[in-house]
Amino acid sequence: MDLLKQKINSEGTVLSEHVLKVDSFINHQIDPALMVEIGKEFAKRFKDNQITKVLTIESSGIAPGLMAALELSVPVIFARKRKSLTLVNDVLTSTVHSFTKNETNEISVSSKFINSTDNVLIIDDFLANGQAALGLADLVQQAGANVAGIGIVIEKSFQQGRQLLNEKGYRVESLARIQSLENGKVTFSEEVGA
Ligand code: G4P
Ligand code: NA
Ligand code: NA
């Protein structure tokens, strides 16, 4: 997605060989016009897949998840990372280990919002080691629903996530695929549609 790659080039900051800072348009300040386009691009890629729900995770997945859901005319659900005061009954939970942060978190959704007839599109802002996406897919499977695919805004292709998700049989659509962050520079994958 060219608009996204341009934005990464102009405003992204390479913090290390592993981490890209995009807090001026995704992770802290959000660019609404870019998010609308991100939603349209996800919707285009999954338009023939009869999506009934979008599932994402708080907090940075919510903006792209919402925009994708708007374009697909379906609801968006965000998994919670912290215990909710009101989320007490019929909760599905999974465990997500972050290798980046070296911490393990429980994520949860109410079973009320995903059922066995749902065809779910999972959306997240970053794909690194794939653990958040796998946790979300686990929640969908616990609900007896189908994972239609996984939509990622920024994939770091040099980490394990993409390969892991493909090995599990999931279709992954990433709007920007980063081959390397070496030498303080963002290098995108050259594939068509990357
Ligand atoms: P994984 O799910 O792919 O295994 O990812 P990982 O544990 O490595 O990521 C932990 C957190 O760090 C996630 O956000 C993820 O989006 C974010 N992250 C991973 N790599 C990068 C990167 O290169 N740049 C930026 N900006 N973020 C990255 P989170 O803790 O869930 O936070 P939130 O922003 O959604 O609240
Ligand atoms: Na995220
Ligand atoms: Na994040």
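Presented here is a report on the structure given in the accompanying data block. This one's a predicted model, so the numbers in the text were calculated from it and none came from an experiment.

Moving on, we get to the nonpolar core. With 33 residues, the main nonpolar core has L4, I8, L20, I38 and I154 as its most contacted residues. Of all elements in the fold, only α1 (2-11), α2 (32-45), α3 (62-72), β7 (119-127), β8 (146-156) and β9 (172-180) reach the threshold of two or more residues within this core. Apart from residues lying up to four places away in sequence, L20 is in contact with I8, G12, T13, V14, F126, I154, I178, L181 and V186. If you look at the next biggest cluster of nonpolar residues, it comprises 26 residues, including L127, L139, V147 and Y170.

It is worth spelling out the coordination of the sodium ion (ligand 2) at this point. Each pair of donors in an ideal four-coordinate tetrahedral metal site encloses 109.5 degrees, whereas pairs in an ideal six-coordinate octahedral site enclose 90 or 180 degrees. Each protein donor to the sodium ion (ligand 2) is listed here as D124 (OD) and D125 (OD); together their distances run 2.3 to 2.8 Å. The class of D125 is buried, set by a relative accessible area of 9%.

In this section: the site of ligand 1. Close to ligand 1 lie 20 residues, the nearest being L20, S60, K81, T100 and K101. Measuring from an oxygen atom of ligand 1, one finds a side-chain N or O atom of K81 at 2.5 Å. Here an oxygen atom of ligand 1 and a backbone polar atom of N129 are 2.9 Å apart. Ranked by the residues each element gives to the shell around ligand 1, the list is headed by β7, at three residues. Split by residue class, the shell around ligand 1 holds six nonpolar, nine polar and five charged.

With 14 residues, α2 should cover 20 Å at 1.5 Å per step; its first-to-last C-alpha distance of 20 Å lies within 8% of that length. Looking at the buried side of α2, the elements it contacts are α1, α3, β7, β8 and β9. A distance of 3.1 Å separates the backbone nitrogen of A33 from a side-chain oxygen at the start of α2, and that oxygen is part of D31.

Here we take up the sheet that holds β8. As summarised here, the arrangement of the six strands in space is β4-β3-β7-β8-β9-β10, forming an open sheet in which the pairing is mixed. Here the strands that pair on one side only, and so sit at the sheet edges, are β4 (76-79) and β10 (187-188). Across three bridges, the pairing between strand β3 (residues 53-57) and β7 is parallel. The residue of β7 that forms the bridge with V54 is L121. Lying over the sheet, α2 contacts β7, β8 and β9, oriented at roughly 115° with respect to β9. Strand contacts of α3: β3, β4, β7 and β8, with the helix running at about 175° to β3, the strand carrying the most contacts.

The subject of this paragraph is the pairing of strand β5 (residues 91-98). The alternating pattern of β5 places L92, S94, V96 and S98 on a buried face and V91, T93, T95 and H97 on a face that is not buried. Across eight bridges, the pairing between β5 and strand β6 (residues 103-110) is antiparallel. Note on β6: the bridge partner recorded for S94 is I107. In textbook terms, the turn of a hairpin is the stretch between consecutive antiparallel strands, and for β5 and β6 this stretch comprises four residues, one of which, N102, has a positive phi near 50°.

Packing of α2 against α3 leaves a shortest axis separation of 7 Å and a crossing angle of 55°. Of the possible angle classes, the one that applies to α2 and α3 is oblique. Between α2 and α3 lies a crossing whose hand is right-handed. Of the residues in α3, those in contact with M35, V36, I38, G39, K40, F42 and A43 of α2 are A63, P64, M67, A68, E71 and L72. Split by residue class, the contact of α2 with α3 holds ten nonpolar, one polar and two charged.

The rules behind each value
- Residues numbered from 1 in each chain as written.
- Chains lettered and ligands numbered in written order.
- Predicted model: local features only at pLDDT ≥ 70, side-chain atom pairs only at ≥ 80, totals over all residues.
- Heavy atoms only, no water.
- Core = buried A, V, L, I, M, F, W, Y, C linked by side-chain atoms within 4.5 Å.
- Buried < 20%, exposed > 50% of the residue type's maximum accessible area, 1.4 Å probe, protein only.
- Helix = DSSP H or I, 4+ residues; strand = E, 2+ residues; numbered from the N terminus.
- Contact = heavy atoms within 4.5 Å.
- Donors = N, O, S within 2.8 Å, 3.2 Å for Na, K, Ca; no water.
- Near = heavy atom within 4 Å.
- Polar contact = N/O pair within 3.5 Å; in protein donor to acceptor, adjacent residues only side chain to side chain.
- Nonpolar A, V, L, I, M, F, W, Y, C, P; charged D, E, K, R; others polar.
- Expected span 1.5 Å × (residues − 1).
- Pairing = 2+ DSSP bridges.
- Axes fitted to C-alpha atoms, helices over the stretch in contact; angles between N-to-C directions.
- Parallel < 35°, antiparallel > 145°, perpendicular 65-115°, else oblique.
- Left-handed = near helix turned anticlockwise from the far one by under 90°.

Purely geometric numbers; function is a separate question.
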